[in-house]
Amino acid sequence: MARLSLPGPAAFGRFALIVGLTALAYTLAGWLSLKLATYVVDVVAALWLAAGIGAMAGLRFGAAGIVGVFLGAFAVNSQALPPEVAFRLAVGAAAGAGIIGTLPRYLQPFSSTLDYVSSVAKFALVAAPLGCAVSALTGVFSLYFYGDLPADMVVRGLWVWWLGDLLGVFLVAPLLLTASRWELLPTNRGARLEGLVLVLGMLALTLVMMEYADPLRPAEIVLFVMMPAVLWAALRFSVTGASLAIFLAAIIVLGVTVVSYDGITGVTMPGDVFALQISMMTMALGGLFVSAALAERRYSEMRLDMLANHDPLTGLPNRSYFQDFLTHALAQAQREKSQVSLLFIDLDRFKHINDSQGHEVGDQVLRIVANRLSDQLRADDFVARLGGDEFAVILTHPPASRGASRVARKLNLVLTESFKLGSRRYALGASIGISVYPDDGTDANTLLRQADLAMYQAKHRRSGFEYFSDELNTMAQQQLALESGLRQALERDEFVLVYQPKVDLADGRVVGLEALIRWLPRSGNIIGPDQFIPVAEETGLIVPIGRWVARAACVQWIAWRDAGLKPPPVAINLSPRQLSDARLTDDIDAILKETGMDSAHLQLEVTESAAMEDPGRTFGILDALRQRGLHVYIDDFGTGYSNLSQLKRMPIDALKIDKSFVNDVLTDSDDAEIVNATIRLAHAMNLRVVAEGVETSEQVAFLKQNGCDEIQGYVVSKPLTPSKVGELFALKFIF
């Protein structure tokens, strides 16, 4: 059986405090209403300000507010009525407050701050009229049945009570409900002066009418003075300003009735009372609806501005907002002789998480990164998401050498902390490039470019963060020139292939060729692959270049075969960018079909590090290629941090031992043992082993002694042109 949990002392104390304060406020407001506007048999008020207290309490505090309304209503009514009648009136007041406080919850969406037209309509046209009707019916019929209200006064009592309660709700409740939004009121000097002029104008025009209008009717003051003033406030000062203007207008009008007529009493003409009530209700509703409509428009403009200037995923400023802010920050720094540091942040390992776990997890990771960056920065620092996994931070500070280093270290530290999503734990890193105004540039675009270059340097060195330098700029210019030349090289047919043979150690015959690309620009100076391949990989040009290499190698192999040279299989290299290309398998299929190349004579070489970048995807692609009859080699084995489990799952035919291990195999016992262990491991898995970078006969002897299958290197031949390498096909090498 479930145990009943009782509220703790703190909750009970809060409940009692709300009840007490609500009862006190209701009693005071009721007493004031009876003094100013008692109209029917000294009990029914033409303006019941306490109803506004009850409406606010029901909406804001729920049960505690309703209990407070009951106690307050009983206290104020028991001063003039028997306890049993006061009790029934208190029940009616509490019921009315309960309806006003509860009904809007079933009319969602509803904003208790009344800053939407629909919320004002649900409050002012549905909940308030119903709640006030229940209170009026309960009160009037209680008075009638106990003989305190004559039969001929029932109808008048009903409409006076209902309109009085409704008027009190419209005048008081909005002011109390919107008090939490006072920060929306304009705070500049001009706005304050305008508000003061508005209040003084209301008072001045009221005094003029009291002086020259005879006879003066309070309803006329409402229509001709207060209504324009309230609408002005609604147009200029938001919902809170309109609510305050409505309340002040009511105070002024009540003041006029006290001064001119000694309050609203039983001798006041019914027409005058009705006109005053209706005019004040019209004023209040007009102000509330106009201010809510304008508030909705402002919110829409703010949402549009948010969409235009902020990233919808992280909520951070976007690239456009970042550019504007940086431009203004540089202008201010120029005036104040200060410095601006720009930190360009690129996440490490994010692409792997996004590709392997899906975009939903990737989006969550970006939100975590955005929150961490925002939490670590000062309030006057600026952080933006530029796109993808790139972020930027703008720091303004006094002139200081390397002033952003501390911030960069702190951001690197917090971004490397692991985090958990679902059942998995993830870890990121970041590379940060820093440029400084005015040392590295005087405009936004230059600083961003310099910081981007420094970021790539940090990523290359794995140093965490780097400052921009002139050396980086020179390198960038060279890279730009390479990129521009690469885009034209394919069109101008400036690429050529050379071939390096692979020799079987058992019989000394050439059993394979590796196709290596060279760039021969029209200037005549050969550009090596170590210079242009990284640029091609970064820009994506490696994909069309790789396509050209595969086709050219196949065409050349067919030419050798047609010449009767019996060429061995030819191998081409696949880069990480090519492995991520969705069209890779289709391209190879098309090339084989177009050239007539037998797939059994085409080999693919993939570096171990490229294969391990996204093992699941890479293994699937390689398996699809092997099923087409192609042979797959893992190049540079030993440098990519694969484990035995992954190696066992790799759909491959052979391993190529990296040159770095072969170089010192005769002088370094560790390298010798690594090579020997690799050979034994590969043979245990039925894989062939190729040693690359073999340069001496002593290295050949060591490899042959330890069972290596093939060698490749200068000891056999340097990369040769197609005509030269063709002369080696029939040769037998003796080592």
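Reference entry: report on the structure contained in this document.

Conventions and cut-offs
- Residues numbered from 1 in each chain as written.
- Predicted model: local features only at pLDDT ≥ 70, side-chain atom pairs only at ≥ 80, totals over all residues.
- Heavy atoms only, no water.
- Helix = DSSP H or I, 4+ residues; strand = E, 2+ residues; numbered from the N terminus.
- Rg over C-alpha atoms; globule rule 2.2 N^0.38 Å.
- Contact = heavy atoms within 4.5 Å.
- Areas by Shrake-Rupley, 256 points an atom, 1.4 Å probe, with all protein chains shown as cover.
- Pairing = 2+ DSSP bridges.
- Axes fitted to C-alpha atoms, helices over the stretch in contact; angles between N-to-C directions.
- Buried < 20%, exposed > 50% of the residue type's maximum accessible area, 1.4 Å probe, protein only.
- Core = buried A, V, L, I, M, F, W, Y, C linked by side-chain atoms within 4.5 Å.
- Parallel < 35°, antiparallel > 145°, perpendicular 65-115°, else oblique.
- Left-handed = near helix turned anticlockwise from the far one by under 90°.
- Nonpolar A, V, L, I, M, F, W, Y, C, P; charged D, E, K, R; others polar.
- Patch = residues over 30% accessible without salt bridge, like charges linked within 9 Å, V, L, I, M, F, W, Y side chains within 5 Å.
- Salt bridge = Lys/Arg side-chain N within 4 Å of Asp/Glu carboxyl O.
- Polar contact = N/O pair within 3.5 Å; in protein donor to acceptor, adjacent residues only side chain to side chain.
- Phe/Tyr/Trp six-rings, centres within 6.5 Å; stacked < 30°, edge-to-face > 60°.
- Lys NZ or Arg CZ within 6 Å of the ring centre and 35° of its normal.

Here we look at the overall build of the protein
Logical step 1: Secondary structure assignment for the protein yields 27 helices and 17 strands.
Logical step 2: Taking 2.2 N^0.38 as the reference for a compact globule, 735 residues should give roughly 27 Å; the C-alpha atoms of the protein span a radius of gyration of 42 Å, well beyond that estimate.
Logical step 3: Referenced to the eigenvectors of the C-alpha coordinate spread, the extents of the protein come out at roughly 130 × 70 × 50 Å.
Logical step 4: A separation of at least 24 residues holds for 71% of the contacts in the protein among residues at least 6 apart in sequence.
Logical step 5: Roughly 34,900 Å² of accessible area belongs to the protein as shown, and the carbon and sulfur atoms make up 58% of that amount.

A closer look at the sheet that holds strand E14 (residues 631–637)
Logical step 1: Strand order in the closed barrel formed by 8 strands is E10-E11-E12-E13-E14-E15-E16-E17, and the pairing between neighbours is mixed. Sheet twist, expressed as the average angle between the axes of neighbouring strands with direction ignored, equals 30°.
Logical step 2: Looking at chain direction, strand E15 (residues 654–657) and strand E16 (residues 688–692) are connected through 4 bridges and run parallel. For Ala 654, the partnering residue across the bridge sits in E16 and is Arg 688.

A closer look at unusual backbone geometry
Logical step 1: In this chain, Gln 108 is followed by Pro 109 through a cis amide linkage whose omega measures 0°.
Logical step 2: By the secondary structure assignment, Pro 109 is in the loop between helix H4 (83–102) and helix H5 (117–145).
Logical step 3: The omega torsion of the bond from Tyr 437 to Pro 438 falls at 5°, within 30 degrees of zero and hence cis.
Logical step 4: On the secondary structure map, Pro 438 appears in the loop between strand E8 (429–437) and helix H15 (444–461).
Logical step 5: Positive phi outside glycine occurs at Asp 493, with the angle close to 55°.
Logical step 6: Take Asp 493: it is sitting in the loop between helix H16 (470–492) and strand E10 (495–504).
Logical step 7: Judged by relative accessible area, which is 56%, Asp 493 ranks as exposed.

Thoughts on the nonpolar core
Logical step 1: Of all hydrophobic cores here, the largest spans 82 residues; its most connected members are Tyr 26, Phe 123, Val 169, Phe 170, Leu 171, Met 226 and Met 283.
Logical step 2: Ranked by residues supplied to this core, first place goes to helix H6 (residues 154–177) with 12 residues.
Logical step 3: Discounting chain neighbours no more than four positions away, the residues touching Val 169 are Ala 51, Gly 52, Ala 55, Ile 100, Phe 123, Ala 128, Cys 132 and Pro 174.
Logical step 4: Counting 77 residues, the second largest nonpolar core, distinct from the first, contains Tyr 499, Trp 519, Met 650 and Phe 729.

Topic: the packing of H6 against helix H10 (residues 270–309)
Logical step 1: In contact at an axis separation of 10 Å, H6 and H10 are set at 30° when each is read in the N-to-C sense. As judged from the angle between their axes, H6 and H10 are roughly parallel. As for the relative orientation of H6 and H10, their crossing is left-handed in sense. Seen from H6, the contacting residues are Arg 156, Trp 159, Val 160, Leu 163, Gly 164, Leu 166, Leu 167, Phe 170, Leu 171 and Pro 174; seen from H10, they are Pro 270, Val 273, Phe 274, Gln 277, Ile 278, Met 280, Met 281, Met 283, Ala 284, Leu 285 and Leu 288.
Logical step 2: Split into classes, the residues belonging to the contact of H6 with H10 amount to 18 nonpolar, 2 polar and 1 charged.

Observations concerning the side chain of Ser 575
Logical step 1: Within the element layout of this structure, Ser 575 appears in the loop between strand E12 (570–574) and helix H19 (576–579).
Logical step 2: Judged by its relative accessible area of 11%, Ser 575 is buried.
Logical step 3: Not counting the four nearest positions on each side in its chain, Ser 575 is found in contact with Glu 537 and Ile 542.

A closer look at a nonpolar patch on the surface
Logical step 1: A surface patch of nonpolar side chains, amounting to about 610 Å² of accessible area, comprises Leu 193, Leu 196, Val 197, Val 199, Leu 200, Leu 203 and Trp 232.
Logical step 2: If you tally residues by element for the nonpolar patch, the top one is helix H7 (residues 189–212), at 6 residues.
Logical step 3: Tracing the chain through its elements places Leu 193 in helix H7.
Logical step 4: For Leu 193, a relative accessible area of 53% gives the class exposed.

Focus: the side chain of Gln 500
Logical step 1: For Gln 500, the position within the fold is in strand E10.
Logical step 2: Using a relative accessible area of 10% as the deciding quantity, one classes Gln 500 as buried.
Logical step 3: A polar contact is formed between the side chain of Gln 500 and the backbone oxygen of Ser 717, at a distance of 3.1 Å.
Logical step 4: In this view, Gln 500 contacts Gly 512, Leu 513, Glu 514, Leu 516, Gln 712, Gly 713, Tyr 714, Ser 717, Lys 718 and Pro 719; residues no more than four positions away in its chain are not counted.

Overview of the packing of aromatic side chains
Logical step 1: Applying the stated criterion across every chain, the model contains 16 aromatic pairs.
Logical step 2: Aromatic pair Tyr 116 and Tyr 299: ring centres 5.5 Å apart, planes at 45°, arrangement tilted. Residue Tyr 116 is located in the loop between H4 and H5, and its partner Tyr 299 is located in helix H10; the two are separated by 183 residues in the primary sequence.
Logical step 3: Aromatic rings pair up to connect Phe 495, Trp 519, Phe 532 and Trp 548 into one cluster.
Logical step 4: Over the face of the ring belonging to Tyr 633 we find Lys 502, whose NZ or CZ atom lies 4.4 Å from the ring centre.
Logical step 5: The residue whose ring lies beneath Lys 718 is Tyr 714, and the NZ or CZ to ring-centre distance is 5.5 Å.

With respect to the pattern of salt bridges
Logical step 1: Applying the stated criterion across every chain, the model contains 22 salt bridges.
Logical step 2: Lys 656 is the salt-bridge partner of Glu 514, the closest N and O atoms lying 3.1 Å from each other. Separated by 142 residues along the polypeptide, Glu 514 in strand E11 (residues 510–519) and Lys 656 in strand E15 bring together distant segments of the chain.
Logical step 3: Here Lys 656 falls in the buried class, since its relative accessible area comes to 0%.
Logical step 4: Taking the shortest distance from any N to any O, the salt bridge between Arg 628 and Asp 589 comes out at 2.8 Å. Taken as a pair, Arg 628 in the loop between helix H22 (615–627) and E14 and Asp 589 in helix H20 (residues 584–595) lie far apart in primary sequence, 39 residues in all.
Logical step 5: Judged by relative accessible area, Arg 628 falls into the partly exposed class, the value being 33%.

Regarding the sheet that holds strand E3 (residues 339–348)
Logical step 1: A sheet is described by the order of its strands in space; here 5 strands give the open sequence E4-E5-E3-E8-E9, paired in mixed fashion. The open sheet terminates on both sides in strands that have one partner only, identified here as strand E4 (382–387) and strand E9 (465–467). If you compare each strand with its neighbour and ignore which way they point, the axes differ by 20° on average.
Logical step 2: Note: E3 against E8, 9 bridges, orientation antiparallel. Pairing of Leu 343 across the sheet is with Ile 434, part of E8.
Logical step 3: On the sheet, H15 packs against E3, E4, E8 and E9 and is oriented at approximately 145° with respect to E8.

Quick notes on the packing of helix H18 (residues 542–562) against H20
Logical step 1: At a minimum axis separation of 10 Å, H18 and H20 run at an interaxial angle of 25°. Between H18 and H20, the crossing angle belongs to the class labelled roughly parallel. Between H18 and H20 the crossing geometry is right-handed. When H18 is examined against H20, the residues Arg 547, Ala 550, Arg 551, Cys 554, Val 555 and Ile 558 are found in contact with a partner set consisting of Asp 587, Ile 591, Leu 592, Glu 594 and Thr 595.
Logical step 2: Classifying every residue of the contact of H18 with H20 gives 6 nonpolar, 1 polar and 4 charged.

Some remarks on the environment of Ser 405
Logical step 1: Turning to its location among the elements, Ser 405 is positioned in helix H14 (residues 405–415).
Logical step 2: Given the relative accessible area of 9%, Ser 405 is considered buried.
Logical step 3: Counting along the chain gives 61 residues from Ser 405 to Glu 466, while the straight-line C-alpha distance between them is 9.0 Å.
Logical step 4: When residues no more than four places from it in sequence are discounted, the contact partners of Ser 405 are Phe 465 and Tyr 467.
Logical step 5: A polar contact of 3.0 Å, which involves the side chain of Ser 405, links it to the side chain of Tyr 467.

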